[in-house]
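Below, each chain spelled out in residue letters.
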Amino acid sequence: MSGNVELPKLQDGQTSYAGIPAAIFVDDVDQFMSLPENNQQAEKVLKSLDEQHSKYKFMEMSMVSRKRRLRQQVPDLQKSLEMIKVLKEQDEDELETNVLLSEQVFVKSIIPKTKTVCLWLGANVMLEYPLDDAEDLLKHNLASANMNLRCLEHDQEFLRNQQTTVEVAMARIYNWNISKQKQQQK
């Protein structure tokens, strides 16, 4: 669905579309812990990394929610585009169809030939558009929704990598602290 949409180019120095900060990869724990801001205090560093991990988890929940809304929006836009196509190709003066009133309840309806449709724009706003303008708007909205889905998928993958990086850093620092405590006990 959104897999064939090409992602826009990220700006220089940017690693995600949502501006997610990159986690620090801790390769050499001794060197990392000797930095002035860490001051050999494992508890302080672990607390900071835990806070960063919690922020990443919160961002992930937000992205999942946004992605769910977009995935629901795409089929609705596609159905609306299909309906506009049917209305544009309508030859007769009237079109007989079944309209959904509520879940599992349909009613037979006759739609007169029309040159306009009403579209929900959100925030309880509906506007009437000529068929061509409505089609253009829906196509634009569909392309935008697909692009946003792809960007979210990219950011989710980046976010998973950052969470893993923080988890690895926490484990390394925790193990470093345990070995340091054992050395002090000897």
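Residues numbered from 1 in each chain as written. Predicted model: local features only at pLDDT ≥ 70, side-chain atom pairs only at ≥ 80, totals over all residues. Heavy atoms only, no water.

1. Observations concerning the pattern of salt bridges
- Evaluation of the coordinates by the stated rule reveals eight salt bridges.
- In this structure, Lys57 engages Glu60 in a salt bridge whose closest nitrogen and oxygen atoms are separated by 3.8 Å. On the criterion of helical spacing, the pair formed by Lys57 and Glu60 is a turn pair, its members being three residues apart in helix α2 (residues 42–88).
- The class of Glu60 is partly exposed, set by a relative accessible area of 22%. (Salt bridge = Lys/Arg side-chain N within 4 Å of Asp/Glu carboxyl O. Helix = DSSP H or I, 4+ residues; strand = E, 2+ residues; numbered from the N terminus. Buried < 20%, exposed > 50% of the residue type's maximum accessible area, 1.4 Å probe, protein only.)

2. Points about the environment of Lys44
- Residue position: Lys44 is located in helix α2.
- What makes Lys44 partly exposed here is its relative accessible area of 41%.
- Distance from Lys44 to Glu92, taken between C-alpha atoms, is 75 Å for residues 48 residues apart in sequence.
- Setting aside residues up to four positions removed in sequence, Lys44 forms contacts with Glu37 and Asn38. (Contact = heavy atoms within 4.5 Å.)

3. Description of unusual backbone geometry
- Positive phi is not limited to glycine here, since Ala123 has a value of about 55°.
- With respect to the secondary-structure elements, Ala123 resides in the loop between β3 (116–122) and β4 (125–130).
- You can call Ala123 exposed: its relative accessible area is 74%.
- Backbone geometry places Asn124, a non-glycine residue, at a positive phi of 55°.
- Position of Asn124 relative to the elements: it lies in the loop between β3 and β4.
- On the basis of relative accessible area, Asn124 is assigned to the exposed category, the value being 75%.

4. Topic: a nonpolar patch on the surface
- Side chains of Val99, Leu101, Val105 and Val107 sit close together on the surface and give an oily, nonpolar patch of about 300 Å² of accessible area.
- Elements that contribute at least two residues to the nonpolar patch include exactly β1 (94–102) and β2 (105–112).
- Mapped onto the fold, Val107 is located in strand β2. (Patch = residues over 30% accessible without salt bridge, like charges linked within 9 Å, V, L, I, M, F, W, Y side chains within 5 Å. Areas by Shrake-Rupley, 256 points an atom, 1.4 Å probe, with all protein chains shown as cover.)

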